[in-house]
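Below are the chains, spelled out letter by letter.
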Amino acid sequence: MMDEDRLSREEFSIPVELQRQVAIATLDKIYNWSRRNSLWPMMFGLACCAIEMIGAAAGRYDFSRFGTEVMRPSPRQADVMIVSGTVTKKMIPTIVRLYNQMGEPKYVIAMGACASGGGPFKEGYNVVPGVDRFVPVDVYIPGCPPTPQALLYGLIALQKKIDTESIKTARWYKKEPSVPIPIPVLGPDLIDPRDLSAIKERSQKKSQEEPEAATGDEEGIVHVS
Ligand code: SF4
């Protein structure tokens, strides 16, 4: 058994006859121990990396050994989103919506070069250069594609991260409700609603520099031809 899997704290001595029935631990340890050993991933894949994720779930690697065997088709029952594949501009509004629908505590793994930073398609007109532009990523797994072993290593890294959380400071347990991430808008290009004021400012500045080339719309965004 690894140290982080041990529930009971060694500084408290428990009588030998009770050692298999009684554990003394902090509340943080119990929360983290139970959460780290029952991470349910959301069942979706985006591209070739998803095949490796499927391989990690199958008999040879069997990530159920880490408590992740229950892949859920509903975001409301999932704890971890494994972004396995190329994140396109068409797909990111759906990914953000699914992330918002997951119950807290929730975690994100960026699996592979595409999800982490755009990968071989980074400069592509239709590709988001990293899912972390929109959702917070806890673990990045390098590779194109990462092997099933690499995904297992990423899951272990996530477990280690969970071990460091405290009920007092983790954002899930704060009294204020968490704010959902604004859903990106896909038009002629992808718009992040959080950037709207900066986009307006830039386009208005551009229209002042080149007034004859610009036309405005009802949102106040100026299109420069
Ligand atoms: S990182 Fe490589 S294997 Fe994974 S989705 Fe991108 S191109 Fe495919």
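Residues numbered from 1 in each chain as written. Predicted model: local features only at pLDDT ≥ 70, side-chain atom pairs only at ≥ 80, totals over all residues.

**A look at the packing of helix 2 (residues 49-57) against helix 5 (residues 148-163)**
Part 1 of the argument: One can describe the packing of helix 2 onto helix 5 by two numbers: an axis separation of 8 Å at closest approach and a directional angle of 75°. Classified by the angle their axes make, helix 2 and helix 5 are roughly perpendicular. Within the contact between the two elements, helix 2 uses Glu52, Met53, Gly55 and Ala56 and helix 5 uses Pro148, Leu151 and Leu152.
Part 2 of the argument: Of the residues that constitute the contact of helix 2 with helix 5, the class distribution is five nonpolar, one polar and one charged. (Axes fitted to C-alpha atoms, helices over the stretch in contact; angles between N-to-C directions. Helix = DSSP H or I, 4+ residues; strand = E, 2+ residues; numbered from the N terminus. Parallel < 35°, antiparallel > 145°, perpendicular 65-115°, else oblique. Contact = placed C-beta atoms within 7 Å. Nonpolar A, V, L, I, M, F, W, Y, C, P; charged D, E, K, R; others polar.)

**What about the domain arrangement of the protein?**
A common way to report how large an interface is uses the accessible area buried once the components associate.
Part 1 of the argument: Domain boundaries assigned for the protein yield domain 1 (3-173) and domain 2 (192-224).
Part 2 of the argument: The centre of domain 1, based on its C-alpha atoms, is set 40 Å off from the matching centre of domain 2. (Domains from an automatic or database assignment.)

**Thoughts on the environment of Asp163**
Part 1 of the argument: Positionally, Asp163 belongs in helix 5.
Part 2 of the argument: For Asp163, a count of 16 C-beta atoms within 10 Å gives the class partly exposed. (Buried ≥ 20, exposed ≤ 12 C-beta atoms within 10 Å, placed from the backbone.)

**Describing the environment of Ala23**
Part 1 of the argument: Following the sequence through the fold, Ala23 ends up in the segment before helix 1 (27-36).
Part 2 of the argument: A C-alpha to C-alpha distance of 52 Å links Ala23 and Leu186, two positions 163 residues apart in sequence.
Part 3 of the argument: When residues no more than four places from it in sequence are discounted, the contact partners of Ala23 are Leu7 and Ser8.

**Some words on the sheet that holds strand 2 (residues 107-111)**
Part 1 of the argument: Read from one edge to the other, the open sheet built from three strands follows the order 1-2-3, with strand pairing classed as parallel. Both outer strands of the open sheet, strand 1 (80-84) and strand 3 (139-141), are each paired with one neighbouring strand and no more. Strand-to-strand twist across the sheet, computed as the mean angle between neighbouring axes with direction ignored, equals 15°.
Part 2 of the argument: The pairing of strand 2 with strand 3 spans three bridges and is parallel. Counted as the bridge partner of Met111 is Ile141 from strand 3.
Part 3 of the argument: Of the strands in this sheet, strand 1 and strand 2 touch helix 2, which is tilted by about 130° from strand 1. (Pairing = 2+ DSSP bridges.)

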